[in-house]
Amino acid sequence: MRLIDEFRDAALIAGLRARLAGSSIPPARLMEVCGTHTMAIAHYGIRSLLPPQVKLVSGPGCPVCVTHQRDIDAFISLADLPNIVLTTFGDMLRVPGSNGSLEARRAQGADVRVVYSPMDAVRIAQAEPHRQVVFLGIGFETTAPTVAASLLEAWALGLRNFTVLSAHKLIPPALRMLATAPDLRIDGFILPGHVSAITGLEPYRFLVDECRKPCVVTGFEPLDLAQGISMLLAHLGDGEPALDIQYSRVVRPEGNAKAREVVDRVFEPTDAAWRGMGVLPDSGLAIRPRFAELDAAKRFAGQLQHVDAHEPPGCLCGCILKGAAEPSDCQLFGTRCTPASPVGPCMVSSEGTCAAHYRYLR
Amino acid sequence: MESTVLLAHGGGGSLMGELIRQVFTSRFGDPLLLAADDAADLGPVGGRLAFTTDAFVVHPIFFPGGDIGKLSVCGTVNDLAAQGAVPLFLSVAFVLEEGLPMADLERVARSIAEAASAAGVRIVAGDTKVVPRGKADRLFITTSGVGRIADGVSVSGSGVKPGDAILINGTVGDHGTAVMLARDSLGISVDVESDCAPLAALGRAVHHIGPALHAMRDPTRGGVAAAVNELASQSAVAIELEEEAVPVHPQVKVACELLGLDPLYVANEGKMLLAVSPEAADDALAALKRHPLGSNAAIIGRALDGPPGRVSVRTPLGTTRRLDLPPGEQLPRIC
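A. Quick look at the overall build of chain B. Tallying secondary structure elements over chain B gives nine helices and 13 strands in all. For a compact globule of 335 residues, the expected C-alpha radius of gyration is about 20 Å, and chain B comes in at 20 Å, within 12% of that figure. Structurally, chain B occupies a C-alpha span of about 65 × 50 × 30 Å along its principal axes. A burial count over chain B gives 51% of its 335 residues as buried. Sequence-distant contacts in chain B: of pairs separated by 6 or more residues, those separated by 24 or more amount to 86%.

B. Expanded view of the overall build of chain A. Regarding its fold elements, chain A presents 16 helices and 12 strands. By the compact-globule yardstick of 21 Å for 362 residues, chain A fits well, its C-alpha radius of gyration being 21 Å. Of all 362 residues assigned to chain A, the portion counted as buried reaches 52%. Of all intrachain contacts in chain A linking residues separated by at least 6 positions in sequence, the fraction that spans at least 24 positions is 77%.

C. A look at the interface of chain A and chain B. If you look at the interface, chain A gives 20 residues, while chain B gives 17 residues. Contributions of two or more residues to the side of chain A that touches chain B are made by α1 (10-20), α2 (35-43) and α16 (353-361) of chain A. The biggest single contributor to the side of chain A that touches chain B is α16 of chain A, with three residues. A class-by-class count of the residues in the side of chain A that touches chain B yields 13 nonpolar, three polar and four charged.

D. How the structure looks around the domain arrangement of chain B. All names here are of chain B. Its domain assignment divides chain B into domain 1 (7-149) and domain 2 (165-322). Once you take the C-alpha centre of each, domain 1 and domain 2 turn out to be 27 Å apart. Counting from both sides, the interface comprises 23 residues of domain 1 and, opposite them, 22 residues of domain 2. Those elements that provide at least two residues to the side of domain 1 that touches domain 2 are α3 (68-82), β4 (85-97) and α4 (102-119). At 10 residues, the largest contribution of residues to the side of domain 1 that touches domain 2 is made by α3. Within the side of domain 1 that touches domain 2, the residues separate by chemical class into 15 nonpolar, six polar and two charged.

E. Expanded view of the domain arrangement of chain A. All names here are of chain A. Assigned domains within chain A: domain 1 (29-63 + 172-245) and domain 2 (66-170 + 255-299). The centre of domain 1, based on its C-alpha atoms, is set 28 Å off from the matching centre of domain 2. When the residues that make up the side of domain 1 that touches domain 2 are grouped by side-chain class, the tally is 10 nonpolar, four polar and no charged.

F. Focus on helix α9 (residues 281-290) of chain B. Residues and elements named next belong to chain B. Looking only at α9, the buried set comprises Ala 281, Ala 284, Leu 285, Ala 287 and Leu 288. Relative to the axis of α9, the buried residues are bounded by an arc of 160° and lie together on one face. Looking at α9, the residues exposed on the side facing more than 90 degrees away from the buried face are Asp 282 and Arg 290. Looking at the buried residues of α9, the elements they touch are β7 (165-168), α6 (200-204), β10 (273-276) and β11 (298-304).

G. Representation of the nonpolar core. Leu 30, Leu 86, Phe 189 and Cys 346 of chain A are the most contacted members of the largest nonpolar core, which totals 113 residues. No other element matches helix α11 (residues 222-238) of chain A, which puts eight residues into this core. In this structure, this core is formed jointly by two domains, domain 1 (29-63 + 172-245) and domain 2 (66-170 + 255-299) of chain A, each of which donates at least three residues. Among the nonpolar cores identified, the runner-up in size contains 108 residues, and Leu 105, Ala 119, Phe 140 and Met 180 of chain B belong to it.

H. A look at the packing of helix α5 (residues 174-182) of chain B against helix α8 (residues 250-259) of chain B. Residues and elements named next belong to chain B. The geometry of α5 relative to α8 is characterised by a closest axis approach of 10 Å and an angle of 60° between their N-to-C directions. Taken together, α5 and α8 sit at an angle that is classed as oblique. The crossing of α5 and α8 is left-handed. Along the contact surface, α5 presents Asp 174, Thr 177 and Leu 181, while α8 presents Val 252, Ala 255 and Cys 256. Class assignment of the residues belonging to the contact of α5 with α8 gives a composition of four nonpolar, one polar and one charged.

I. Focus on unusual backbone geometry. Along the chain, His 59 of chain B connects to Pro 60 of chain B via a cis peptide bond; the corresponding omega equals 0°. Looking at where Pro 60 of chain B falls in the secondary structure, it is placed in the loop between β1 (49-56) and β2 (62-63). Residues other than glycine seldom take positive phi values, yet Asp 282 of chain A does so here, at roughly 50°. Here Asp 282 of chain A is to be found in strand β12 (residues 278-287). Under the C-beta neighbour-count criterion, Asp 282 of chain A is labelled partly exposed, with 13 such atoms within 10 Å. Positive phi, normally seen in glycine, also occurs at Ala 36 of chain B, with a value near 55°.

J. Structural detail: the sheet that holds strand β10 (residues 243-245) of chain A. Residues and elements named next belong to chain A. Taken in spatial order, the five strands line up as β2-β1-β8-β9-β10 in an open sheet, and their pairing is parallel. Every interior strand has two partners, whereas the edge strands, β2 (54-58) and β10, have only one. Strand-to-strand twist of the sheet, defined as the mean angle between neighbouring strand axes without regard to direction, takes the value 20°. Where strand β1 (residues 28-32) and β2 come together, five bridges link them in parallel fashion. Directly across from Arg 29, in β2, lies its bridge partner Lys 55.

K. View of the pairing of β11 of chain B. Residue and element names in this part refer to chain B. Along β11, five of the seven residues are buried, which leaves the element largely enclosed by surrounding structure. Sheet topology places β7 next to β11; four bridges connect them, and they run antiparallel. Each residue of the ladder has a partner; that of Ile 168, found in β11, is Ala 298. Of the pairings in the sheet, the one linking strand β9 (residues 238-242) to β11 comprises four bridges and is antiparallel in character. From the neighbouring strand, Ala 238 faces β11, where its bridge partner is Leu 304.

L. Molecular detail of the confidence of the model for chain B. Across chain B, the average pLDDT comes to 93, with 97% of residues at 70 or higher. Both scores are given for the predicted complex: the pTM is 0.85, the ipTM 0.75.

About the criteria used
Residues numbered from 1 in each chain as written. Chains lettered and ligands numbered in written order. Predicted model: local features only at pLDDT ≥ 70, side-chain atom pairs only at ≥ 80, totals over all residues. Helix = DSSP H or I, 4+ residues; strand = E, 2+ residues; numbered from the N terminus. Rg over C-alpha atoms; globule rule 2.2 N^0.38 Å. Buried ≥ 20, exposed ≤ 12 C-beta atoms within 10 Å, placed from the backbone. Contact = placed C-beta atoms within 7 Å. Nonpolar A, V, L, I, M, F, W, Y, C, P; charged D, E, K, R; others polar. Domains from an automatic or database assignment. Arc of directions from axis to C-beta. Core = buried A, V, L, I, M, F, W, Y, C linked by C-beta atoms within 7 Å. Axes fitted to C-alpha atoms, helices over the stretch in contact; angles between N-to-C directions. Parallel < 35°, antiparallel > 145°, perpendicular 65-115°, else oblique. Left-handed = near helix turned anticlockwise from the far one by under 90°. Pairing = 2+ DSSP bridges. pLDDT = per-residue confidence, 0-100.

This is the structure:
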């Protein structure tokens, strides 16, 4: 298949592998901060192509996983309100809250529907004007533009029965925390391909200028990953941190200004709580007051329950999201916590680090 | 006849009699069915019998390459074939939703008749129930089947031996992809047809290797990944697949890339996995390839000593990854 097979070419990868096996490769801990990278690295067995002194560490790349337990509980509590249609991407369905999951609520009769796009949720609101349709807004810079567009669409249609509960997160503030945390010892970052297609390079500049960490925006095919890692190692080798794009067939240095403009019209930055990383300044997106009528956090303010949010006992998701622990460090991994019966979100989401390790690397 | 199914069509009265005559028995036409007794007298059958049952709730009921009727025959026929059996008799039970267009029911009945005839199986028993609108989604079908296990053939999910070659009769993931794309919500237009087909004759084509045929399984829900995992656990062997050797239709590859799915996990309805002694593998492959439903057959992997139950995939890059049992329903109502 054109545009896919070329990037899985065994001969080209063998060439890169030979280069990566060279004796001059410095020891390095490289972090990927995109769940799709985490999955692709596990799926293609990229770790086994690297010399032993190069370690790949997974970061907070899965939107469902980084969502704070408080927010998960609030989402789930919405399902219990009368006359609600709760719409969500499929990944949220099985995430355990402090008190059950959306999947369990659905089985008990709550109207929880999986949609492929927030626009589908707008269509449901149009078709069922007497029901309150809420979309659970989870995701990074890649998802936020389509959610913003759906809010603008609902606004233009004058829909009064469509709201979004926004728990969107922004990647650069999390990178700042990770790059400056003394205990994590990250030497370089494999930057996300699709997030960067929106943001462009500018928001990452501090990683090089202030934190002196090389960064390469990388694609998702095996050849992309091998080349991105090779570029990072070259920068580490010559001691000169740089901000590069490997994924140049998709990402432009200036990013996608139009998508950012749509996001900016609807959302404003806000402090946000991340699972395992605490509250990071300006790391979330809140719906602007002008669109308050479409903000589920405002419309259902009195009814959202933040039960006594607690992390499941023994679950290391918080540490795994920072690269401070590997799934195999968690005593629940593969025993009490499996994809069929997940304890923490990293095992549920199709992009979660634990799910990737369980699926491909055991 | 009415243009839609009414509750009265399931009431046991004259409307039901009319429905059964005009829609079902006229098409199925087997003397045992026409006898209209409470149970079919199958007479002396002889040999070792295999018996299986399957329920079908696919949505949508019509999809490229098939429909719920064809599927309901193929599903049960293929389960019999996977046991090394030649299918003989089938029962078909319908749960119909009030308001189902009669034309849809007739189309489904026609498909059932065609598929049964293609599979060489006789429909000898049936039942029809109607439930109020909203209590079912259009129609659900349950089929049960009896077959005679071929002489000299003894296959079982626990029969895979270390060293066995793992074969498949063609491309993987066609059915699941076709059904998924037939649901209009995805907005992807890729030309994919379900592989839904009865595999009784294909099964017979490899019976001649006799004791060298160790196991067969039709990789339906959960795809090849689920079926191979089941075989590996039941037989306490490891199985390694060669990713490059697994045939995937180019359009299925495109659709799966777009949807983020691995074709190895996507359902099939016209595929059979075989575990065969290494010395008989070429013979079995040639026999599959001679059959019209096996022209893309391939040897896709082999069984290893252990660890028991472990399934892995060798990628074209020379790396290996685990191929795990899918945790749950990725795509509800695929069959």
